[in-house]
Amino acid sequence: MEFGPYLMLAMLEGAVLAAVLALMASGLSLTFGVMRVVNVAHGEFYMLGAVMAWFVAHLVGGGAAIAFIAAAVIAPLAVGAMAAAADMTILKRIDYDPERTIVATIGLLYVIQQVTLMTYGADARPVEPPFNSRIALPWFEWGEEGLALYYPWGLSTTSYKLFVIAAAAVLILAVRLFMTRTKAGLIMRATQLDSEMATAFGIPVERVYAAVFGIGAGLAALAGVLIVPVQQAHYLMGGDALLLSFIVVIIGGLGSMAGTIVAAILIGMSDGIISVFFSPTLAKILATLLVALVLVFRPQGLFGSRPR
Amino acid sequence: MLRIEGLTAGYGAATVLRDLTLSAAPGRITCLMGRNGAGKTTTLKAIMGLVRPQAGRIQLDDTVISDLSPHRVPAQGIGYVPQGRRLFGELSVAQNLRVGLMTRGSGAEVQEEVLDLFPRLRERMGQRADTLSGGEQQMLATARALCLRPRLLLLDEPTEGLQPSMIEAIRQVILTLRDRGAAVLLVEQRIDAVLAMADHVHLIENGRNLEDFDAAQLTRAPDRLRRHLGV
């Protein structure tokens with residue numbers, strides 16, 4: 001395949017990663033933005049989403065589309081409820097202290113991972129996509145008769161991958177609208193800006209924290225459900241996803257949703273392109289190097305504001 | 001009627017208020033005065049439930065508010081204008097007011113009443129709170145608290161750092177609220193402002209009651225206040 005079509009293929013793969021990453025990192029950014037909690041267990045909620053999708057798909061049966069829809073509804077709700085319960089039973093009891101919550105969520109990470117290993121096992125298992133038709137993509141070349149479109153061999157994607165990109169974009173827009181246009185979003189933003197004053201105006205801050213932790217985990221789980229027909233569900237899949245999510249929220253600016261989206265596109269696309277042309281390891285090395293540069297030269301991230 | 005009896009409170013191991021007793025009556029302006037670190041702000045925070053009492057009780061009419069969860073305190077009709085305004089800076093003026101309105105489920109008519117007191121805010125409804133001038137921010141902080149339709153209004157140094165015209169505007173609003181029957185508990189350092197408004201003054205030192213003055217005593221005793229406050 002020539003360079004142009006090959007680059008387009010790499011960018012499509014990158015766009016799928018960027019979409020899933022943006023969704024997952026939005027949850028991490030929301031949790032940090034509102035609660036100031038660095039949730040080290042966030043990758044495990046992503047893994048739980050994928051694993052639960054497998055369980056739900058196998059329990060429901062009745063066709064791939066119905067099983068997938070059931071998984072997309074049940075898994076994020078179940079993971080969100082589990083996270084909210086973890087918030088109320090663990091994080092609330094340690095007063096959301098920034099250092100102790102890091103240790104607590106590391107503990108949560110291992111608990112979730114090991115319980116998954118004991119119940120789900122060490123195998124990687126797929127979930128059938130609801131639809132998966134192959135779509136050949138056109139390319140162009142200049143010929144004697146001017147610009148001509150043609151379909152190079154191997155330049156194609158699947159309808160499901162395009163769906164993942166579109167679904168992630170719609171969900172992120174929905175989160176944005178929820179935060180800016182609803183009463184619940186206003187309550188969360190007020191809590192994020194000054195939790196003590198939020199309390200002084202009758203906002204039950206601890207309940208808001210539980211809801212935010214649940215929504216953040218639910219978004220990670222939804223990302224896990226979306227990716228499981230492309231990758232397989234495995235009990236260790238949360239590690240890489242967590243690393244990339246942290247890279248994204250640090251580059252974008254901790255707590256900045258707009259920055260998170262831009263950084264997810266940057267990291268996802270560069271990961272896709274570098275992985276296809278060079279190697280996935282080089283992609284991770286460069287992303288980590290970029291984080292180091294951001295931390296040195298712009299510690300607040302690309303879109304974050306300096307603390308006053 | 002606000003009654004604080006034998007209140008001891010502080011932060012962690014540090015005790016700031018020691019056996020403090022004071023009251024604030026409806027339709028009256030009660031001032032809380034004292035040197036820096038005397039415990040004035042802590043007293044207001046304790047009323048709001050933001051600092052938990054170690055001993056004593058805080059009662060508003062028949063409700064012991066010191067037994068309530070902190071987020072249930074403002075719904076009793078207590079508006080709080082904190083020192084330094086503490087607006088939700090990234091939210092617009094309208095959204096800041098909406099947070100106040102949500103506390104007691106107040107509607108648009110309450111917002112209109114509040115905006116009638118601060119007409120300048122009407123022109124700034126879509127503007128981010130942290131881009132307002134200092135005076136406008138103080139207006140918004142006061143307006144946000146008034147959105148609760150408070151029967152008790154707590155104000156922590158509301159005229160600090162404001163130009164005279166703004167101080168007068170805030171003073172007029174406080175007097176209006178008093179005339180409408182609200183109890184006003186005001187922390188204020190400026191003796192001239194206190195003498196012009198207060199019906200009663202509680203002077204505290206190191207978190208303890210030092211001396212009380214009623215309106216008649218105040219007019220005769222500004223020198224005693226100055227001596228106590230070291231100004």
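Here the residue numbers are simple positions, counted from 1 along each chain's written sequence. For naming, the first written chain is A and the first written ligand is 1, with later ones following in the order written. Whole-chain, interface and lining totals are the exception, using all residues; otherwise, since this is a predicted model, local features are given only for residues with pLDDT of at least 70 and side-chain atom pairs are given and counted only at 80 or more. Computation of side-chain values: all heavy atoms of the structure, hydrogens and water removed.

Engineer: So, the overall build of chain B: which residues are in play, and what are the values?
Structural biologist: Per the secondary structure count, chain B includes nine helices and ten strands. For a compact globule the rule gives 2.2 Å times the number of residues to the power 0.38, and the radius of gyration it is set against comes from C-alpha atoms. Its C-alpha atoms give chain B a radius of gyration of 17 Å, near enough to 17 Å, the size a compact globule of 231 residues would have. When its C-alpha atoms are laid out on the principal axes, chain B stretches across 45 × 40 × 30 Å. Throughout, exposure labels follow a simple rule: accessible area from a 1.4 Å probe, protein chains only, divided by the maximum for the residue type, with under 20% read as buried, over 50% as exposed, and the rest as partly exposed. When burial is assessed residue by residue, chain B has 55% of its 231 residues classed as buried. Note on conventions: DSSP H or I runs of at least 4 residues are helices, E runs of at least 2 residues are strands, and numbering of each starts at the N terminus.

Engineer: Any details on a nonpolar patch on the surface? Residues and values, ideally.
Structural biologist: Residue and element names in this part refer to chain A. Only residues above 30% relative accessible area that lack a salt bridge enter a patch, with like-charged residues linked at up to 9 Å and the nonpolar side chains Val, Leu, Ile, Met, Phe, Trp and Tyr linked at up to 5 Å. The method behind every accessible area is Shrake-Rupley, applied with a 1.4 Å probe, and residues are considered shielded solely by the protein chains displayed. Salt bridge, as used here, is a side-chain nitrogen of Lys or Arg placed within 4 Å of a carboxyl oxygen of Asp or Glu. Taken together, the side chains of Phe278, Leu282, Ile285, Leu286, Leu289, Leu293, Val296 and Phe297 present a nonpolar region at the surface, about 830 Å² in accessible area. Residue placement: Leu286 occurs in helix α11 (residues 280–297). Overall, the relative accessible area of 36% leaves Leu286 in the partly exposed class.

Engineer: Which residues make up the environment of Ala287 of chain A, and what values do they have?
Structural biologist: All names here are of chain A. Tracing the backbone shows Ala287 in helix α11. Ala287 gets classed as buried once you look at its relative accessible area, which sits at 7%. In contact with Ala287, not counting residues within four places along its chain, are Ile247 and Ile267. Every residue pair with non-hydrogen atoms within 4.5 Å of one another is taken to be in contact.

Engineer: Please give an account of the packing of aromatic side chains that cites residues and values.
Structural biologist: Residue and element names in this part refer to chain A. Pairing of aromatic rings covers Phe, Tyr and Trp, the last counted by its six-membered ring, and requires centre-to-centre distances within 6.5 Å; plane angles under 30 degrees mean stacked, over 60 mean edge-to-face, and any other angle means tilted. Within this structure, the stated rule accounts for 13 aromatic pairs over all chains. Measuring from ring centre to ring centre gives 5.3 Å for Phe131 and Phe163, while their planes differ by 80°; the resulting arrangement is edge-to-face. With Phe131 in the loop between α4 (98–120) and β1 (134–136) and Phe163 in helix α5 (residues 159–181), the pair connects residues that are 32 residues apart, well separated along the chain. On the basis of relative accessible area, Phe131 is assigned to the partly exposed category, the value being 37%. According to the relative accessible area criterion, Phe163 is partly exposed, its value standing at 28%. Through a chain of ring-to-ring contacts, the aromatic side chains of Phe68, Phe131, Tyr160 and Phe163 assemble into a single cluster. If you follow Arg125 out to its NZ or CZ, it ends over the ring of Tyr120, 4.5 Å from the centre. We count a charge as sitting over a ring when the NZ of a lysine or the CZ of an arginine lies within 6 Å of the ring centre and within 35 degrees of the ring normal.

Engineer: Tell me about the sheet that holds strand β5 (residues 63–64) of chain B, and name the residues and values.
Structural biologist: All names here are of chain B. Taken in spatial order, the four strands make up an open sheet running β2-β1-β4-β5, and their pairing is antiparallel. In the strand order of this sheet, the two ends are held by β2 (14–24) and β5, each with one partner. Paired strands, as defined in this entry, are two strands with at least two bridges between them according to DSSP. Two strands pair when backbone bridges link them, and strand β1 (residues 2–11) and strand β4 (residues 53–60) are joined in this way by six bridges, in the antiparallel orientation. Paired with Glu5 across the two strands is Arg57, which belongs to β4. To get an axis, a line is fitted to the C-alpha atoms, and for a helix only the part in contact is used. The angle between two axes follows their N-to-C directions and goes from 0 to 180 degrees. Here helix α1 (residues 40–48) sits on the sheet and contacts β1, β2 and β4; the angle it forms with β1, its principal contact strand, is near 110°.

Engineer: Please set out the pattern of salt bridges residue by residue, giving values where relevant.
Structural biologist: Evaluation of the coordinates by the stated rule reveals 17 salt bridges over all chains. The closest approach of N and O atoms between Glu196 of chain A and Arg86 of chain B, which form a salt bridge, is 2.9 Å. Separated into two different chains, Glu196 of chain A in helix α7 (residues 195–200) and Arg86 of chain B in the loop between β6 (78–81) and α2 (93–103) make up a pair that spans both. A salt bridge links Arg124 of chain B to Glu136 of chain B, with the nearest nitrogen and oxygen atoms 2.9 Å apart. In this pair, Arg124 of chain B sits in the loop between α4 (119–122) and α5 (134–146) while Glu136 of chain B sits in helix α5, placing the two residues twelve residues apart along the sequence. Three or more residues are tied together by salt bridges with common partners; here these are Asp194 and Glu196 of chain A together with Lys45 and Arg86 of chain B.

Engineer: Break down the nonpolar core for me, with residues and values.
Structural biologist: A general trend in soluble globular proteins is that nonpolar side chains are found buried together. Nine residue types can take part in a nonpolar core, namely buried Ala, Val, Leu, Ile, Met, Phe, Trp, Tyr and Cys, and a core is a set of them joined through side-chain atoms within 4.5 Å. With 120 residues, the main nonpolar core has Met35, Phe45 and Tyr46 of chain A together with Leu2, Ile47, Ile78 and Leu154 of chain B as its most contacted residues. Top element by residues in this core is helix α8 (residues 205–227) of chain A. It accounts for 14 residues. Domain limits in this description derive from either an automatic procedure or a database domain assignment. Taken domain by domain, this core gets at least three of its residues from each of domain 1 (2–77 + 153–229) and domain 2 (90–149) of chain B. Leu2 of chain B has contacts with Leu22, Ser23, Ala24, Ile47, Ile58, Gln59, Leu60, Leu152 and Leu185 of chain B, leaving out every residue within four places of it along the chain.

Engineer: Give a description of the interface of chain B and chain A that names residues and reports values.
Structural biologist: The partner chain A presents 20 residues to the 25 residues of chain B that form the contact. Two parts lose some accessible area (1.4 Å probe) when they are put together, and adding that loss for both gives the buried area. Interface area lost by chain B to chain A is led by His71, Arg86 and Phe88 of chain B, which between them contribute 29%. For the interface between chain B and chain A, the tally reads three salt bridges. We note a salt bridge from Arg86 of chain B to Asp194 of chain A, for which the minimum N-O separation is 2.9 Å.

Engineer: Tell me about α5 of chain A, and name the residues and values.
Structural biologist: Relative to the 33 Å expected for 23 residues at 1.5 Å per residue, α5 of chain A spans 32 Å between its end C-alpha atoms, a close match to the ideal helical length. Listing the buried residues of α5 of chain A in full gives Ser159, Tyr160, Lys161, Val164, Ala167, Ala168, Ile172, Val175 and Met179 of chain A. Given a helix with a known number of residues, its expected span is that number minus one, times 1.5 Å.

Engineer: Which residues make up the layout of surface pockets, and what values do they have?
Structural biologist: Method remark: on a 1 Å grid restricted to protein atoms, a set of points is classed as a cavity if a 1.4 Å probe fits but cannot get out and as a pocket if it is open with protein on both sides within 12 Å along at least five of seven lines; lining residues have an atom within 4 Å of a point. Grid points are joined across faces, edges and corners, and a volume is the space filled by probe spheres set on the points. There is about 1,400 Å³ of room inside the largest pocket. In terms of lining, the largest pocket is formed by 40 residues, of which the most central are Arg36, Gln192, Leu193 and Ser305 of chain A together with Glu90 of chain B. Secondary structure elements with two or more residues in the lining of the largest pocket: α1 (3–35), α5, α6 (183–193) and α10 (257–277) of chain A. Residue contributions to the lining of the largest pocket peak at five residues, all from α1 of chain A. Any residue outside Ala, Val, Leu, Ile, Met, Phe, Trp, Tyr, Cys, Pro, Asp, Glu, Lys and Arg is labelled polar, Gly included; the first ten of those are nonpolar and the last four are charged. Per-class residue counts for the lining of the largest pocket are 16 nonpolar, 13 polar and eleven charged. For the second largest pocket, the calculated volume is near 590 Å³. Every residue lining the second largest pocket is counted, 18 residues in all, and those nearest its centre are Thr199, Pro204, Val205 and Glu206 of chain A together with Pro70 of chain B. Residue assignment for the lining of the second largest pocket shows that the elements contributing at least two residues are α7 and α8 of chain A. Considering every element that reaches the lining of the second largest pocket, the biggest residue donor is α8 of chain A, with four residues. Grouping the amino acids of the lining of the second largest pocket by side-chain chemistry returns eight nonpolar, five polar and five charged.

Engineer: Explain the sheet that holds strand β3 (residues 29–33) of chain B to me, and be specific about the residues and the numbers.
Structural biologist: Strand pairing in a sheet relies on backbone hydrogen bonds. The paired strands run either parallel or antiparallel. All names here are of chain B. The six strands lie next to each other as β6-β7-β8-β3-β9-β10, forming an open sheet whose pairing is mixed. Each edge of the sheet is formed by a strand with only one pairing partner; in this case those strands are β6 and β10 (208–214). In this sheet, adjacent strand axes meet at a mean angle of 15° when their direction is disregarded. Of the strand pairs in this sheet, strand β7 (residues 152–156) and strand β8 (residues 183–187) are connected by five bridges, and their pairing is parallel. In the strand pairing of β8, Asp156 is matched with Val187.

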